[in-house]
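What follows is each chain in one-letter form.
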Amino acid sequence: MLRFHHTGIAAADLGELTAYVQALFPVHTISETVFDEKQQASLRMLTLEDGSRIELVSGPVVEKRVKKRQFLYHTCYETLDFEKAIQMFEARGAMMVSEPKEAILFGLRRVAFFMTELGLVELLEQEPSQL
């Protein structure tokens, strides 16, 4: 039902953090930087040669984390049944901290964020064509 999609990292500067990641890992692709008004964040997705993804997040939503040097922001899981996944997280005591909304970086697929015993978790609506 849930499939790991990416790790979100808080960034003071997307360009500097991109260069840092490139110095450490073989980066296959780098998305365009987008500003998502609904999330008040500038976002960039890095896909490594092994297929794993790192989302860089900058802006007001992560400013406090960056100041505290808490760069690990969230873990994202993709789900085909978005509503059922939300119910599952809520049934396990997870607190929704960001209501479902369309995300520009993911082609307007919906995302929702939960504070869980695993930390901050983002649920990403999976496109049916990705099965």
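Scroll up to find the structure this text is about.
Cut-offs and rules
- Residues numbered from 1 in each chain as written.
- Predicted model: local features only at pLDDT ≥ 70, side-chain atom pairs only at ≥ 80, totals over all residues.
- Heavy atoms only, no water.
- Buried < 20%, exposed > 50% of the residue type's maximum accessible area, 1.4 Å probe, protein only.
- Helix = DSSP H or I, 4+ residues; strand = E, 2+ residues; numbered from the N terminus.
- Pairing = 2+ DSSP bridges.
- Core = buried A, V, L, I, M, F, W, Y, C linked by side-chain atoms within 4.5 Å.
- Contact = heavy atoms within 4.5 Å.
- Phe/Tyr/Trp six-rings, centres within 6.5 Å; stacked < 30°, edge-to-face > 60°.

**Considerations on the pairing of strand β4 (residues 41-48)**
With 7 of 8 residues buried, β4 is to be regarded as a mostly interior element. Pairing of strand β2 (residues 27-30) with β4 involves 3 bridges; the strand directions are antiparallel. Paired with V27 across the bridge in β4 is L48. Here strand β3 (residues 34-36) pairs with β4 via 3 bridges, running antiparallel. Across the sheet, the residue bridging to D36 is A41, located in β4. From the end of β3 to the start of β4, which pair antiparallel, there are 4 residues, and Q40 there has a positive phi angle of about 50°. Here 6 bridges tie β4 to strand β5 (residues 53-58), and the two strands are oriented antiparallel to one another. The residue bridging M45 from the neighbouring strand is E55, located in β5.

**Quick notes on unusual backbone geometry**
For R69, which is not glycine, the phi torsion reads 60° and is therefore positive. Locating R69 in the fold gives a position in the loop between α2 (63-67) and β6 (72-79). According to the relative accessible area criterion, R69 is exposed, its value standing at 64%.

**Description of the nonpolar core**
Membership of the largest hydrophobic core comes to 16 residues, with the highest contact counts inside it found for V57, V62, Y73, F106 and V111. Broken down by secondary-structure element, the contributors of at least two residues to this core are β4, β6, β8 (109-116) and β9 (119-125). Of the residues forming this core, the biggest block, 3 residues, is contributed by β4. Leaving out residues up to four positions away in the same chain, Y73 has contacts with G8, I9, A10, V57, V61, V62, R65 and L120.

**Notes on the packing of aromatic side chains**
Scanning the entire structure with this criterion turns up 3 aromatic pairs. Between Y73 and F113 the ring centres are 6.4 Å apart and the planes differ by 35°, which places this aromatic pair in the tilted class. A residue pair is termed long-range when its members are at least 10 positions apart, and Y73 in strand β6 and F113 in strand β8 qualify at 40 residues. Looking at Y73, the relative accessible area reads 11%, which means it is buried. Given the relative accessible area of 7%, F113 is considered buried.

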